[in-house]
Amino acid sequence: MLTLEQLLDGLRALPKPERRAAALLANEAFQRVIDLLAEQDEDALLVSAGGDDGLVAAAALEALRRRPSSPDTIGRRLFEQLERVRGQRGVFLLRALDAHSDDAFMTLVFSRVGVPWRGAALTALREIAYRRRDEPVAVAGIPEDHIDAAGALAESLRGTLADSAIEAVKALAAQRSVANQLRSIARVRRAGEILEAGARLLPDEAFDRDVAALAESIRGDKPLLIVGERGSGRLSRLRGAAALLAAEGWMAFEAGAAEINAGMTYVGELEGRIRHLVRTLDDARVLWIAPSFEALLYAGVTRQNPQGGALDLLLAGMADAKVHVAGILAPGPYERLIRARPQLREAFDVVRVEPMDEPRTLALAARAAPGTDRAVLREALALGRHFLGDAALPGALLGLLEATRRRRPGDDPLTMSDVLSTITERSGLPASLLDERERLDVGGLRTFFNARVIGQPEAVECMIERVALLKAGLTDPTRPQAVLLFVGPTGTGKTEIAKALAEYLFGSPDRMIRLDMSEYQNPGAARRMLGDGELDDASLVARIRRQPFSVVLLDEFEKAEPGVFDLFLQVFDDGRLSDPRGEPADFRHAVIVMTSNLGAKVVTGGLGFSPATGFAEATVSSAVTRAFRPEFLNRIDRTVVFRPLSRPVMREILAGELESVLARRGLRGRQWAVEFDDSALEFLLAEGFTPDLGARPLKRAVERHFLTPLALAIAGHDYPGGDQFLFVRAGGTALKVTFVDPDASAGPATPASTEPVTLRALAREGKGSLEPLEEAFGEVSGRVADPDWQAVKGELLARMGDAGFWEDEGRAAVLGGIELRDRIESGLRSANSLMHRIRSARRPPAELVRRAAQRVLLLGSALDALEAGEPADATLRVDGDPEFAPRLAAMYHAWARERGMRLEGAEEPANRRYRWQATVTGFGALQTLRPESGLHVLEVPDGRGGYDRRRVRVTVTPEIGPPASRTQIVRRYRERPTPLVRDAVRGWRTGRLDTVLAGGFDLLE
């Protein structure tokens, strides 16, 4: 018996006519070769079938033909050879493929057409094509670069292949030309892409029926309007119908008003584009999908030609053309469009798409997210409808699941945490607010709002209540999340708390839309809120449409014209507002906050700041009732009255502002430790708060008086290098910043004299044992920490909550008591910070010790005055010798600057005398200055061995009044021949006249 190689050698030796396919099939030796090769496995045969030896390949192909039909393995691998194998070998390839292909044989041949078919191979192909002529040919699978070759092959198969299939293949060339013209306008989906998109759909039996009916309607003569809510499946049905049509060679073209009108520059250009589009699509197998079809009514419209929009041009062009267009729009826009252009009823057929019910939606969701727990899908459905409720079912849920799947890798089942993360990303709402499994941290929430808005407890509680309602899912889903009215003086935190709410709910204070309603005072201004219907306009409707999860702040709402009030009645009722084209913006996810200053005028008068003057809650409520109609007030969820800022509240706000200032890059990156003296805080309070503007000027005051001078020093490199302590204190009409090197020598540990070191000595020199400072600081701290102190302060604070407190004439005494205690506590915190730095330093600088000792001394005086029931502040009058009196006035100025006191003084006109009066504000000002009241005498040598005495009367009183009648000589001053100062009240004498006149008179012993 001959071997395989011997048989093949014999066949190769045959004449060429005997090596043709028909002859070989009748040759016994060739049949023996086939039998031998058939013993090999499938992979070996496939390798031989693709090899270089044509005779072996032909036998291998015939051996594969005898195998059981296997389109997915043998057929798929053999079709890879179709583009290049022809001739006698091509006959055997076609025979094998015919055995291993289903009813898609001719479709695959056309999709793999390459080298032209001719001769025996073409004859074999015609025979197979004739036998399979009733099989469908899916021309959608033919690649674009094979279209011309496929058309030539189809023509060569005429008579054997169905004429409809041949025409469908040859129509591809015409479609390619159409597609190239349409691509200049918008995206064109060829058959393959359409089928791919259709495969991703999630159909059910009812969906398939709808799609089949829709495809049949598209084949008809009339264009369509697909009417349904967003998310109801309008586009999905159209894409499903497009997939059915793609098998017949249809394309899909998606273009709305924006694409049609894009790039139009000249009058008449749009008309030319519409005419070209209609001519291109006329009777072509192209489905034009037009989303937001109603927008075509306005595209291209001008004042001069209101009837010349894209829709009117399209209707005119379609009168004599057959265009397969399917417009998508919602029921509301459809009704408005029909009213505007009644002829659409006759020109278009309407297909209505109803939202899917929940059971069908959940069934589809289970297929979209396989393995996901049913309870997770139900909760996702509830959350999606509540927080993303602008879409109908099934889109509201399927869109949420699709977005969730994109956010996480892998195909694992979705969890509740995955869904919550997606809703958080879309809305900005924190996951803790959405997750029912997580409890609301009321304490943390209160801390969050209290840190941003100080001194408005009612407003903070209102925020907590609204968040709790949202967390519990008890807000009305048909209205905005909340409608709030904030009433109170300017600068009390109304805007700030709205920003804080935007940050908490939606992740950023930038999610607050702020409108100044004073800009909407004129009649007709309400129209500007509605915009022009374009997404990129700056109207409220457009901004909410772009970001529905927002806080809307309507500032000074009472100033808006009545038409604006009427607009917001609609918003407060059903959570929607429509633009001039009738397109609604959804306010149901927004929080609306209105602010007003009605009835909240604060009157200023006298010296200092009196926050409660002229404010009464009853007056505010009465003003609100007068300004707004009852039907308007009835739609407000909560009215919150913001109270004027008390001095303690101001101090807290200032502390927060300074903390944020010190965190800025220019200070954070330097080796500086900044300490604000209480006098600096009082200075900034006076400059940064006003009765009529509240806390508004604070940032400007900090920038002007602290940051700007410091910036000039930094920019000019006018500061010491290395580590530095920066002491900031008041200095007259400005802040004074002192740089102290923490490594500077503090001098000897003990003074040279044997006298014990006292607190006043430390306040004067900053040198010596720190024991007196520690002892005095401990004593002052203990007095403030005493339960009795805290109890009295608590009682005063509680009185502020009493009914009618803000109308009570005795409120000033209560507020003054709170203010004084708060100032003392603030000063103690400043002293404690200094003490901490002193204790931490290896050798504390004398300047640091001196400042701390001065602070503790003043705190002690302030506490003594408080316990004695004395006021802290003083009025100082200097009256006497025109040469000596100005020097004393300058001495008190220097003393006030050094102690961080606020001194506001003025000279009084006089003939031969000097008169000067000042108000001094600060810790223990009255107690420290009271011993100064009396006569101050300057002794000047008269040249005869005696002295001329120049007298000046100093009067210190708690308040402005007539000068005291004291005639006691307080202090004698002598410059020559030897400086000498004798203080009869305090009982000291010194030769350091310069120290006394520099303001150190209260530190001498």
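Residues numbered from 1 in each chain as written. Predicted model: local features only at pLDDT ≥ 70, side-chain atom pairs only at ≥ 80, totals over all residues. Heavy atoms only, no water.

Asks: Lay out the overall build of the protein chain in plain terms, naming residues and giving numbers.
Replies: Within the protein chain, the secondary structure is distributed over 44 helices and 24 strands. At 46 Å, the protein chain has a C-alpha radius of gyration far larger than the 30 Å of a compact globule built from 1005 residues. C-alpha extents for the protein chain along the principal axes are approximately 160 × 75 × 55 Å. A fraction of 71% describes how many contacts in the protein chain between residues 6 or more apart in sequence connect residues 24 or more apart. Carbon together with sulfur atoms contributes 50% to the accessible area of the protein chain, which is approximately 46000 Å² in total. Here the protein chain contributes 134 positively and 142 negatively charged side chains, and the mean placements of these two sets differ by 4 Å. (Helix = DSSP H or I, 4+ residues; strand = E, 2+ residues; numbered from the N terminus. Rg over C-alpha atoms; globule rule 2.2 N^0.38 Å. Contact = heavy atoms within 4.5 Å. Areas by Shrake-Rupley, 256 points an atom, 1.4 Å probe, with all protein chains shown as cover. Lys, Arg positive; Asp, Glu negative; His and termini not counted. Charge placed at Lys NZ, Arg CZ, Asp CG, Glu CD.)

Asks: Provide a residue-level description of the pattern of salt bridges, including the pertinent values.
Replies: Opposite charge on two side chains permits them to pair, given that their charged atoms come into close proximity. Scanning the model with the defined rule gives 85 salt bridges in all. Across the pair Arg158 and Glu155 runs a salt bridge whose closest N-O atoms are separated by 3.0 Å. Sharing partners across several salt bridges, the network here consists of Glu155, Arg158, Asp163, Glu167 and Lys170. (Salt bridge = Lys/Arg side-chain N within 4 Å of Asp/Glu carboxyl O.)

Asks: Break down helix α44 (residues 993-1000) for me, citing the residues and quoting the values.
Replies: Because each turn of an α-helix spans 3.6 residues, side chains separated by three or four positions in sequence point in the same direction. All of the buried residues along α44 are Leu993, Thr995, Val996, Gly999 and Gly1000. As for α44, its buried residues are in contact with α42 (884-899), β22 (969-974), β23 (980-983) and β24 (988-990). (Buried < 20%, exposed > 50% of the residue type's maximum accessible area, 1.4 Å probe, protein only.)

Asks: I'd like to hear about the confidence of the model for the protein chain, residue by residue, with values.
Replies: Of the residues in the protein chain, 95% reach a pLDDT of 70 or more, and the chain-wide mean stands at 87. Between the elements of the protein chain, mean pLDDT differs from a low of 80, seen in helix α34 (residues 665-668), to a high of 97, seen in strand β2 (residues 224-227). Note on residues 746-753: pLDDT is under 50 here. Beyond four places in sequence and across chains, it has twelve contacts. Low confidence marks residues 960-965, where pLDDT is under 50. Its contacts with residues over four positions away, or in another chain, come to nine contacts. (pLDDT = per-residue confidence, 0-100.)

Asks: Now, about the side chain of Ser111: what can you tell me, with residues and values included?
Replies: Positionally, Ser111 belongs in helix α8 (residues 105-111). Looking at Ser111, the relative accessible area reads 14%, which means it is buried. There is a polar contact of 2.8 Å between the side chain of Ser111 and the backbone oxygen of Leu108. Beyond its immediate stretch of four places on either side in the chain, Ser111 contacts Gly141, Ile142, Pro143 and His146. (Polar contact = N/O pair within 3.5 Å; in protein donor to acceptor, adjacent residues only side chain to side chain.)

Asks: Could you give me a rundown of helix α38 (residues 771-785), with the residues and numbers involved?
Replies: Counted at 1.5 Å a residue, the expected span for α38 with its 15 residues is 21 Å, and the 21 Å between its end C-alpha atoms agrees. Taken residue by residue, α38 has Pro772, Leu773, Ala776, Phe777, Val780, Ser781, Arg783 and Val784 as its buried positions. Considered in projection along α38, the buried side chains sweep an arc of 160° and stay on one side of the axis. Turned more than 90 degrees away from the buried face of α38, the exposed residues are Glu771, Glu775 and Ala785. Buried positions along α38 lie against α37 (759-765), α39 (787-799), α40 (811-840) and α41 (846-867). (Expected span 1.5 Å × (residues − 1). Arc of directions from axis to C-beta.)

Asks: Tell me what's going on with unusual backbone geometry, and back it up with residues and numbers.
Replies: Cis geometry marks the peptide bond from Leu393 to Pro394; its omega dihedral reads 10°. Within the secondary structure, Pro394 sits in the loop between α21 (374-387) and α22 (395-407). Residues Arg976 and Pro977 are joined by a peptide bond in cis, for which omega reads 0°. Examined against the element boundaries, Pro977 turns out to sit in the loop between β22 and β23.

Asks: So what's going on with the packing of aromatic side chains? Residues and values would help.
Replies: For any pair of aromatic rings, the description consists of the separation of the ring centres together with the inter-plane angle of the planes. For the coordinates displayed, the defined rule picks out 23 aromatic pairs. Ring geometry for Phe486 against Phe642: centres 5.0 Å apart, planes inclined by 55°, an arrangement best described as tilted. Here Phe642 lies in the loop between β13 (638-641) and α33 (647-662) and Phe486 lies in strand β7 (residues 482-487), a separation of 156 residues in the sequence. Phe642 gets classed as buried once you look at its relative accessible area, which sits at 0%. When the centroid spacing of 6.3 Å and the interplanar angle of 65° are considered together, the rings of Phe506 and Phe549 count as edge-to-face. Here Phe506 is found in helix α27 (residues 494-506), whereas its partner Phe549 is found in the loop between α29 (540-546) and β9 (551-555), with 43 residues between them in sequence. (Phe/Tyr/Trp six-rings, centres within 6.5 Å; stacked < 30°, edge-to-face > 60°.)

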